[in-house]
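# Summary of the model geometry
Chain residues, written in single-letter form:
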Amino acid sequence: MLRLPIELEIGLRYTRSKRRKTVGKHDGFLSFISGISTAGIALGVASLIVVLSVMNGFQKDVRDRMLSVLSHVEITAPDGLANWEPLALKVAAQPHVVGVAPMVASQGLLSRDNVMRGVAIRGVSPSEEGKVSDLPKQFVAGSINDLTPGGFGVALGAQLAALVGAHVGDRINLIVPESDLTPAGAMPRMRTLQVVGIVDSGHYEFDSSLAIMHWKDAAALLRLHDPSGLRVKVDDMQRAPEVANELAAVVPQALWVTDWSRSNRNWFAAVQTEKKMMFIILTLIIAVAAFNLVSTLVMTVNEKQADIAILRTMGASPGLIQRIFLVQGLAIGLLGSLAGVGLGLLIALNIDVIVPTIEAIFRVRFLPRDVYFISELPSDVRLNDVVTVGLMAFGLSVLATLYPSRRAAKVQPAEALRYE
């Protein structure tokens, strides 16, 4: 029968030692402490995996919902984009570009009865918008094709419509920053529009502020003859900055070319900073759990001094004694890391079931829609995060075993057996 190396056999036996009646009265207590150390490492690893997965999912979900309304790349002109059709064809012919559509963007003030709200005016081309965004699929009432030029219809975000109490068929007033000169002085430009659709993108910031019109109606309201820019969709959103730089080299220099990462740079930078800080904080929790191994192994060394002395008198070298306690510490660290990875993956992969259950039991709402960008807790498990956390926890466990194992190797047999 194949036998394990002696250091593995003894080290693993110490890890799972049980209470005995005559010798080693504290073995049961040491086993309990070893279990606590293992559980501490497992909980720390699981917590870090779950938090990183949730933050990854939050970032991915918000980004995807943003880009379902926003464009990957925007080409804009401050005073309107003259001769935009040839430019759109030229941009569409560039590598990695999969769609181009005209747009008009501005700000305005929406009023109905006694309610007024600031809105982001978005002028779109109904026939081309589906090439650059998911906006046509997000209509929960009406259709994007109801936005006809000259009809001065408007589609409102679902939250905005609820705030002003508007429904399909209602009429609302839209005031834009540009003003008209009259004998009484400058008067704000106002137009009565008919609500022809309701849009629900799942992103509260957009759903509470977006007013969508046909680009020709929006241009007429702003006294423009052409769209203010082009919306561009690329085949890979991660390559949008690269594609934006390439487009900047082929369009006239007077035009501005921006991509989604620049438009929302502050938000994504904040998320990355929060993720790094949470990683550091939870790593300290794992470090505390891992270094509990120091006290566990020191107690084990003190309790097993007689055993160490007997092994030394039988010819065991200090290196063998050191490897025995290294095996014990590494076994606890490995078991805790693997258990933590398993528990973390179990929670992270099922968080869409766990969180609603907790909310239903305790009648709480973790992510109110009027406060956060999204109302559900997402999760995006990434292999590199799981591997990094697992290896880091195991590495800290290795460091925690060095001092106790070296102390065990220095035990003198004569001193250890003097009072036995």
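For the structure, see preceding data.
Residues numbered from 1 in each chain as written. Predicted model: local features only at pLDDT ≥ 70, side-chain atom pairs only at ≥ 80, totals over all residues. Heavy atoms only, no water.

## Some details on the overall build of the protein chain
Regarding its fold elements, the protein chain presents 14 helices and ten strands. The C-alpha atoms of the protein chain give 33 Å as radius of gyration, which overshoots the globular expectation for 420 residues (22 Å, by more than 25%). Taking the principal axes of the C-alpha coordinates as reference, the protein chain spans close to 110 × 50 × 45 Å. Considering the protein chain as a whole, with its 420 residues, one finds that 46% of them fall into the buried category. Nonlocal contacts in the protein chain, meaning residues at least 24 apart in sequence, comprise 80% of its contacts between residues at least 6 apart. Surface exposure of the protein chain reaches about 21,400 Å², of which carbon and sulfur atoms provide 60%. Positive and negative side-chain charges in the protein chain, numbering 40 and 37 respectively, have mean positions lying 11 Å apart. (Helix = DSSP H or I, 4+ residues; strand = E, 2+ residues; numbered from the N terminus. Rg over C-alpha atoms; globule rule 2.2 N^0.38 Å. Buried < 20%, exposed > 50% of the residue type's maximum accessible area, 1.4 Å probe, protein only. Contact = heavy atoms within 4.5 Å. Areas by Shrake-Rupley, 256 points an atom, 1.4 Å probe, with all protein chains shown as cover. Lys, Arg positive; Asp, Glu negative; His and termini not counted. Charge placed at Lys NZ, Arg CZ, Asp CG, Glu CD.)

## Section: the packing of aromatic side chains
Across all of its chains, the model carries one aromatic pair by this definition. Ring centres of Trp-84 and Trp-215 lie 5.8 Å apart, and the angle between their planes is 80°; this geometry places the pair in the edge-to-face category. Pair noted here: Trp-84 is in helix 3 (residues 84-92) and Trp-215 is in helix 6 (residues 215-221), with a separation of 131 residues, a long-range link. The buried category is assigned to Trp-84, whose relative accessible area is 16%. Its guanidinium or amino end placed over the ring of Phe-152, Arg-191 lies 3.7 Å from that ring's centre, counting from NZ or CZ. (Phe/Tyr/Trp six-rings, centres within 6.5 Å; stacked < 30°, edge-to-face > 60°. Lys NZ or Arg CZ within 6 Å of the ring centre and 35° of its normal.)

## What to know about the pattern of salt bridges
Within the structure shown, the criterion is met by ten salt bridges. In this structure, Arg-231 engages Glu-129 in a salt bridge whose closest nitrogen and oxygen atoms are separated by 2.8 Å. One end of the pair, Arg-231, is in strand 9 (residues 229-234); the other, Glu-129, is in the loop between strand 3 (115-124) and strand 4 (139-142), and 102 residues separate them in sequence. Considered together, Arg-231 and Glu-129 belong to a single accessibility category, that of buried residues. (Salt bridge = Lys/Arg side-chain N within 4 Å of Asp/Glu carboxyl O.)

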